[in-house]
Amino acid sequence: MATKYVYLFSEGNANMRELLGGKGANLAEMTNIGLPVPQGFTITTEACTQYYEDGQKINDEIQAQIMEYIVKMEEITGKKFGDLDNPLLVSVRSGARASMPGMMDTILNLGLNEQVVEVMAQKSNNPRWAWDCYRRFIQMYSDVVMEVGKKYFEQLIDQMKEARGVTQDVELTADDLKELAGQFKAEYKSKIGADFPTDPKEQLMGAIKAVFRSWDNPRANVYRRDNDIPYSWGTAVNVQSMAFGNMGDDCGTGVAFTRNPATGEKKLFGEFLTNAQGEDVVAGVRTPMPIAEMAEKFPEAFAQFEGVCKTLEDHYRDMQDMEFTVEHGKLFMLQTRNGKRTPAAALKIACDLVDEGMIDEKKAVAMIEPRSLDTLLHPQFDAEVLKKTPVIGSALAASPGAASGKIVFTAEDAKEWAARGEKVVLVRLETSPEDIEGMKAAQGILTVRGGMTSHAAVVARGMGTCCVSGCSAIVMDEENKQFELAGKTFHEGDWLSLDGSTGKIYDGAIPTMDASIGGEFGRVMAWCDKY
Ligand code: ADP
Ligand code: MG
């Protein structure tokens, strides 16, 4: 029998992670347990391997299966690619067996072209939404598929905001966004020498190839090397019908953990951004609201979400890290996975799950990565010196531990300085996946923008590196490698200290000491001995 390369979400399950990737397998599992998931299909990791075997081509057989599943998806959703009455818009998402946050690429709102967007703008009575989708799509497609740099589009957005005298993307009107879309297409044409593709199927094949290709990009290769993920695994591709968080003020998008990933506390933890699409939260475009505020402002969607969190924890019996979107008050789940957590949180969560009767002691032991336990001995500041050192700022306690080092402003400098034996603290407006090697070299990371789920925060927690994020009081001058904080100018090479457990920033160097070990450590160690 011919190999099956494509699966509807309803055909998969959580045990098929090798074939469907983590994201695809969990989208399938969530579909099966009845959660609200925008429907779609997953192209297998085997198709990715085949793509590389065929010299980076999607062969006819795989292409035919993809086309067949587009038709199935159109039947399920009642929408059609390129249709003026009821257009199907999709996201094209990577998804490897092991989670590689932010390492590969995603494209949203695929399926739009000039005709579709015009009709969508009229019919929805919401032209701002239609044009916002379109300009995002052109931006992401150009960047991911055609490798026109992101920065050109960001510059155009910044110019538009300046011309309109506004500071936030959400303040741009439908007309502004329409004009931007036109500028984006012109930019595309000047860089690529051809018109932006209008045929949704052509767009789709381009996007799928780009996701396969992103498996081999430099930052993904570095991440894999650090996390022992074999190159041969390949990535799956998920094609999923869009849920829109950017349709107005009763919409939004969020990222949340069922428990606190820094401490393990059993309390929903996360962030929500009104009138936005998913990428905005992680990219730190605007600072999102804490999930507790979502409970006040969107009580109904929040209640749905709390219910889903309980269902997911009961089902997976572990802390979950989720992405979701609210479209006109209705919740859609876009991703779930066992959440990354600090070693301290891992111990607390394992003990709590045993106490809650969710798992047994053996499972608790198995849940803890042995290698992570040594990083539990996070350094702490010498309390005596700390008392005498001025606090110059305070921001989000994004990843615990204490760090003291000389200020550097770029990932390259962090690497170079660390290579010659200097301790450095990396200070950035925000980090992006290209910064990963510099982040590894640094004692600590400080960012001006971005929340607890920003790239810097997520990656730092994974590395066990101290991170303080979202310090908006900093006035950054990257060009001259200096910044201002608390009325003082800090230059490259000046000493700075960060406490990632409290979010406090200190002027100068503070010696660090080893941490003491809490009760949960002993409890888990006793279980280790027992089994
Ligand atoms: P990553 O693996 O980098 O998180 P994702 O594939 O999860 O990339 O997608 C990036 C962002 O786009 C996420 O915030 C996700 O929730 C959002 N997103 C992906 N697909 C959809 C969709 N079908 N509808 C709405 N938002 C989506
Ligand atoms: Mg994601």
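So, here's what we can say about the structure. Counting from 1, residues in each chain are numbered in the order their sequence is written. Working convention: letters from A go to chains and numbers from 1 go to ligands, in the order in which they are written. Restriction of local features to residues with pLDDT of at least 70 applies here, the model being predicted, together with a cutoff of 80 or more for giving and counting side-chain atom pairs; totals for whole chains, interfaces and linings are based on all residues. For the side-chain quantities, the full set of heavy atoms in the structure was used; hydrogens and water were omitted.

It is worth spelling out the overall build of the protein at this point. Across its full length, the protein holds 19 helices and 23 strands. Its C-alpha atoms put the protein at 70 × 60 × 50 Å along the principal axes. Buried, partly exposed and exposed residues are distinguished by accessible area as a fraction of the type maximum, computed with a 1.4 Å probe on protein chains only: under 20%, between the cut-offs, and over 50%, respectively. By residue count, 55% of the 531 residues in the protein fall in the buried class. Whether two residues are in contact is decided by their heavy atoms, any of which lying within 4.5 Å being enough. At a minimum sequence separation of 6, the contacts of the protein that also span at least 24 residues come to 65%. Using the Shrake-Rupley algorithm and a 1.4 Å probe, accessible areas are obtained, with residue cover drawn only from the displayed protein chains. Summed over its atoms, the accessible surface of the protein is roughly 22300 Å², and 49% of this surface lies on carbon and sulfur atoms. We count Lys and Arg on the positive side and Asp and Glu on the negative side, and we leave His and both chain ends out. Positions of charges follow a simple convention, taking NZ of Lys, CZ of Arg, CG of Asp or CD of Glu. Averaged over its 57 positive side-chain charges, the protein has a centre that lies 2 Å from the centre of its 78 negative ones. Each helix is a run of DSSP H or I of at least 4 residues and each strand a run of E of at least 2, with the numbering of both proceeding from the N terminus.

Looking now at the sheet that holds strand β17 (residues 466–469). Think of a sheet as strands paired side by side through backbone hydrogen bonds, with each pair either parallel or antiparallel. Following DSSP output, two strands are said to pair if at least two bridges run between them. Reading across from one edge, β12-β22-β21-β14-β15-β16-β17-β13 is the order of the eight strands in this open sheet, with mixed pairing throughout. Edge positions in the sheet fall to β12 (391–394) and β13 (396–399), since each of these pairs with one other strand and no more. Strand-to-strand twist of the sheet, defined as the mean angle between neighbouring strand axes without regard to direction, takes the value 30 degrees. Here β12 pairs with strand β22 (residues 504–507) via three bridges, running antiparallel. Within β22, the position partnered with V391 by the bridge is Y506. Against the sheet, helix α16 (residues 411–419) engages β14 (402–408) and β15 (424–428), with an angle of about 110 degrees to β14. Geometry is summarised by axes, namely lines fitted to C-alpha atoms with helices restricted to the contacting stretch, and by angles between N-to-C directions that run from 0 to 180 degrees. The sheet contacts of helix α18 (residues 455–463) involve β13, β16 (444–447) and β17, and relative to β13 the element is tilted by about 45 degrees.

For each residue, the test is whether any non-hydrogen atom lies within 4 Å of the molecule or strand; if one does, the residue is near. Looking at ligand 1, there are 15 residues lining it, with K23, S91, R93, E323 and Q335 nearest. Throughout this description, a polar contact denotes any pair of N or O atoms lying within 3.5 Å of each other; where both atoms belong to protein, one of them has to be capable of donating a hydrogen while the other can accept it, and for residues adjacent in sequence the pair is counted only when both atoms sit in side chains. Backbone polar atom of A243 to a nitrogen atom of ligand 1: 3.0 Å apart, as the coordinates give it. Between ligand 1 and E323 there is a distance of 2.8 Å, counted from an oxygen atom to a side-chain nitrogen or oxygen. Protein burial of ligand 1: of its 550 Å² of free accessible surface, 89% is covered by the chains. When contributions to the shell around ligand 1 are tallied by element, the ones reaching two or more residues are β3 (90–96), β4 (106–110), β5 (235–241) and β10 (330–338). Looking at the shell around ligand 1, its residues break down into four nonpolar, seven polar and four charged. Only Asp, Glu, Lys and Arg are considered charged, only Ala, Val, Leu, Ile, Met, Phe, Trp, Tyr, Cys and Pro nonpolar, and every remaining residue, Gly among them, polar.

Our focus in this paragraph is the side chain of T325. Here T325 is to be found in strand β9 (residues 320–327). Its relative accessible area of 3% is what places T325 among the buried residues. Of the polar contacts made by the side chain of T325, one reaches the side chain of T253; its length is 3.1 Å. Discounting residues that sit within four places of it in the chain, T325 has contacts with A243, F244, G245, G252, T253, K330, L331, F332 and L334.

This part takes up the nonpolar core. Counting residues in hydrophobic clusters, the biggest one holds 64 residues, and the most contacted among them are F41, I43, I66, L110, L204 and I208. Here I43 is in contact with Y5, V6, I66, I208, F212, A236, V237 and V239, once residues within four sequence places are set aside. Listed in part, the 44 residues of the second largest apolar core include M100, A220, I436 and M452. Nonpolar core, defined: a set of buried Ala, Val, Leu, Ile, Met, Phe, Trp, Tyr and Cys residues in which side-chain atoms within 4.5 Å join the residues together.

With that settled, consider the coordination of the magnesium ion (ligand 2). Think of the donor list as every N, O and S atom within 2.8 Å of the metal, or within 3.2 Å for Na, K and Ca; water never makes the list, so a site can look incomplete. In the first shell of the magnesium ion (ligand 2), the protein supplies E323 (OE) and Q335 (OE1), at 2.0 to 2.3 Å from the metal. With E323 in strand β9 and Q335 in strand β10, this residue pair connects regions lying twelve residues apart in the sequence. Assessed through its relative accessible area of 24%, E323 is described here as partly exposed.

Think of it this way: a Phe, Tyr or Trp ring, Trp meaning its six-membered ring, pairs with another when their centres are within 6.5 Å, and the plane angle makes it stacked under 30 degrees, edge-to-face over 60, tilted otherwise. For the coordinates displayed, the defined rule picks out 18 aromatic pairs. Between W131 and Y134, the ring centres sit 5.9 Å apart and the planes meet at 65 degrees, which makes this aromatic pair edge-to-face. Of this pair, W131 and Y134 both sit in helix α5 (residues 127–144), separated by three residues, roughly a single helical turn. Relative to F269, the ring of F257 has its centre 6.2 Å away and its plane inclined at 55 degrees; by these criteria the two rings are tilted. With F257 in strand β6 (residues 252–257) and F269 in strand β7 (residues 269–274), this pair connects stretches of sequence that are twelve residues apart. Here F269 falls in the buried class, since its relative accessible area comes to 17%. Over the ring of Y69 we find K72; its NZ or CZ atom is 4.4 Å from the centre of that ring. Lysine NZ or arginine CZ positioned within 6 Å of the ring centre and within 35 degrees of the ring normal marks a charge as sitting over the ring.

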